[in-house]
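Residues per chain are reported as follows:
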Amino acid sequence: MPNGTLGWDPNRFLDDFPIEDTPGVKLLLSSAGVLMAGGGDNIDKILDSDQHSLGENIDNLFPETTGNRGLREAHTKALKGDLQSCRQRVGGKDVAWELIPVNTTRGREVIALAIAMDDDQDQKVSMGEIPKIDRATGIPARWVIVAKAEEIFNRHPSAQWAVLRLKIVGMRRINQALGQDLGDHALHQAVGRITRSLAEGESIGRIGGNEFILLIRHKSDDHTAERMQAMDQLFDEPLKVGLLQFMLRLNMGLARFPQDGSTAKDLERRATIALERTRRSGLSYSLFTLAQEDHVLAYSWVPAEVHRALSECEFQLYYQPVVDTRTGETVSTEALIRWQHPWRGMILPGHFIPVIEEMQFIVNLDLWVLERACHEAMSMGKPVAVNITANTIVAPDFLNKLDKVLMRSGLPPGWLTLELTERVFGSPEMMLEPLKAVHQRGIQIAADDFGVGYSSLSSLWQYPLDKLKLDGSFIRAAALDPRAQNLVTGLVPLAKTLGITIIAECVETEDERTWLHDAGVFFQQGYYFARPTPFS
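Computed from a prediction, not measured in an experiment: that's the story for all the values here.

Moving on, we get to a nonpolar patch on the surface. Residues Trp461, Leu494 and Leu498 make up a contiguous nonpolar surface patch of roughly 320 Å² in combined accessible area. Checked against the element boundaries, Leu498 lands in the loop between helix 18 (482-497) and strand 20 (501-504). By relative accessible area, Leu498 is classed as partly exposed at 37%.

Written out as structure tokens, the structure is:
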């Protein structure tokens, strides 16, 4: 059919779009939501064969109903330039959608990736054959709670509910000490405490092991937070099993209806994301946020695309100056990595570095940054600081590769500073010797983000440190608290005695610059002086 732009083929545009190994279906949608092109091995799961004609609107192709909506809203938001994701069923299939804003010759349009998920109920075993009650605890099975939640959400789409994923921490110790039978007895007691705290109409079901799903009423975030705190306090008293007593605690993650999802499965999935956030943070509970989901989604694409991004030069280095406030001169720069993704746009390191580091892909990226920064520092004629991870410092042959980088770039060793996050210094048995070897080459070492992490004053003398970088959150807090300012004032002469230079990061205001300068912190870095800029 005519596409309105002479010579432009939407099908070829869709086929050529740089998405690697994408399962499911790709659709190109106009700004009005009209299907312009489509393809994919599983397209028949999303569109009936008689619906493949172009020119139909998504409102007709994928009609929204009560409790099953989200695609139209996600399309509208994607047109504003933001990556969107949602769940909306199509013909009884649970479909995960990811909507990507793209610029074509027609203007801003949207590519929709659709993956039909396997439905828990599309199994050979009918629901009538699956036990409704968990034998060990006497409470309903997970699928019963999910079905109840779905029914409530469909009947009362404006009501406020929440799905809670809950894990009882400490049950493994009971099973190891007493065996499975007494462990089941203890679990029954623990579940009883939780069940008695529920209001009328609320429910709890067992997922498996020591994990549970709850359906509770949600009046407000503050009220629900108080309820989860109260639930956690149920286990302030030890659990008695025979003559023994055990202390348990709860990890909880919560997603709210309707703001966090329109279906029970969506909310359960997002409550699971919040539960993982709870586990990582050490807190007792977390409410779901889109930022958490973005972090989880990053694991689905970052590892697969890093190698391609390196080979296709998508990573860039930006530089931010360190200024001597006594003279106003730039004394050095810090290299900061950015990812210019071909269709996700500019991605800041906080969105991909944690994933790359956790997936053990960080060493190659660190070495790329080190090589590029040393060459560009020579061109700028300024010393440079490079962020580097513990995995790279202890990697085999790192020192040899470091020597080669310096030789190829011609950068004097004294012009290079390796910045390591403060938590690295909590492992002297692993880090001390490699850092000494680096320092013996004349390269400087800085403790980054100092003041908010794991290190103590012992790090100031135990490691071969040259610089101490005060974290921005600590500086902002100190601007409001005279005691924190006094701490910095006292730290300056101590650092000077040890031959360590203090650098203040994230300085954003004149007030911050002034009190830091008055405290003797003369080397400062932040938006007040300059934003990071590319080498070019």
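Let's pick the thread back up.
Attention now goes to helix 12 (residues 362-380). A rise of 1.5 Å per residue sets the reference length of helix 12, with its 19 residues, at 27 Å; its end C-alpha atoms lie 26 Å apart and thus fit the reference within 8%. Listed as buried for helix 12 are Ile362, Leu365, Asp366, Leu367, Trp368, Val369, Leu370, Ala373, Cys374, Glu376 and Ala377. Positive phi appears at Gly381, one or two residues downstream of helix 12, with a value of about 75 degrees.

This next bit is on the nonpolar core. Ranked by internal contacts, the top residues of the largest apolar core, which has 68 residues, are Phe352 and Leu416. The dominant element in this core, judged by the number of residues it contributes, is helix 12, at nine residues. The contact partners of Phe352, leaving out residues within four places of it in the chain, are Val302, Phe315, Ile337, Trp339, Ile347 and Leu365. Counting residues in hydrophobic clusters, the runner-up holds 29 residues, among them Ala186, Leu187, Ile204 and Leu250.

Here the focus is the pairing of strand 11 (residues 249-257). Burial analysis of strand 11 places eight of its nine residues in the buried class, the great majority of the element. Here strand 6 (residues 161-169) pairs with strand 11 via nine bridges, running antiparallel. Along strand 11, the bridge assignment pairs Ala162 with Arg256. Sheet analysis places strand 11 next to strand 12 (residues 285-287), joined by three bridges and oriented parallel. From the neighbouring strand, Met252 faces strand 12, where its bridge partner is Tyr285.

Turning our eyes to something else, we now look at the sheet that holds strand 7 (residues 203-208). Strand order in the open sheet made by the five strands is 7-8-6-11-12, with mixed pairing throughout. With one partner strand each, in any of the chains shown, strand 7 and strand 12 form the two edges of the open sheet. Each neighbouring strand pair of the sheet contributes to a mean axis angle of 20 degrees, computed without reference to strand direction. Note: strand 7 against strand 8 (residues 211-217), five bridges, orientation antiparallel. Directly across from Arg206, in strand 8, lies its bridge partner Phe212. Docked against the sheet, helix 5 (residues 142-155) engages strand 6, strand 7, strand 8 and strand 11, running at close to 25 degrees with respect to strand 8. The strands touched by helix 9 (residues 264-281) are strand 6, strand 7, strand 8, strand 11 and strand 12; relative to strand 11, the strand with the most contacts, the crossing angle is about 140 degrees.

Turning to the pattern of salt bridges, a few remarks are in order. Overall, the coordinates contain 24 salt bridges when judged by the stated rule. Ionic pairing is found between Glu334 and Lys469, a salt bridge with its closest N-O pair at 3.1 Å. In this pair, Glu334 sits in strand 14 (residues 329-341) while Lys469 sits in strand 19 (residues 467-470), placing the two residues 135 residues apart along the sequence. What makes Glu334 buried here is its relative accessible area of 4%.

To continue, consider the packing of helix 5 against helix 9. For the pair helix 5 and helix 9, interaxial distance at closest approach is 8 Å and the crossing angle is 120 degrees. Regarding the angle of helix 5 to helix 9, the classification is oblique. When helix 5 is examined against helix 9, the residues Arg142, Val146, Ala149, Glu150 and Phe153 are found in contact with a partner set consisting of Ala264, Lys265, Leu267 and Glu268. Residues belonging to the contact of helix 5 with helix 9 are distributed by class as follows: five nonpolar, no polar and four charged.

This part covers the side chain of Gln524. Tracing the chain through its elements places Gln524 in strand 21 (residues 523-524). Of the residues examined, Gln524 reaches a relative accessible area of 0% and is grouped as buried. Within the structure, Gln524 has its side chain in polar contact with the backbone oxygen of Arg513 (distance 3.2 Å). Apart from the residues lying within four places of it in its own chain, the contact partners of Gln524 are Pro321, Val322, Val323, Thr325, Ala504, Val507, Arg513, Leu516, His517 and Phe529.

Conventions adopted
- Residues numbered from 1 in each chain as written.
- Predicted model: local features only at pLDDT ≥ 70, side-chain atom pairs only at ≥ 80, totals over all residues.
- Heavy atoms only, no water.
- Patch = residues over 30% accessible without salt bridge, like charges linked within 9 Å, V, L, I, M, F, W, Y side chains within 5 Å.
- Areas by Shrake-Rupley, 256 points an atom, 1.4 Å probe, with all protein chains shown as cover.
- Salt bridge = Lys/Arg side-chain N within 4 Å of Asp/Glu carboxyl O.
- Helix = DSSP H or I, 4+ residues; strand = E, 2+ residues; numbered from the N terminus.
- Buried < 20%, exposed > 50% of the residue type's maximum accessible area, 1.4 Å probe, protein only.
- Expected span 1.5 Å × (residues − 1).
- Core = buried A, V, L, I, M, F, W, Y, C linked by side-chain atoms within 4.5 Å.
- Contact = heavy atoms within 4.5 Å.
- Pairing = 2+ DSSP bridges.
- Axes fitted to C-alpha atoms, helices over the stretch in contact; angles between N-to-C directions.
- Parallel < 35°, antiparallel > 145°, perpendicular 65-115°, else oblique.
- Nonpolar A, V, L, I, M, F, W, Y, C, P; charged D, E, K, R; others polar.
- Polar contact = N/O pair within 3.5 Å; in protein donor to acceptor, adjacent residues only side chain to side chain.

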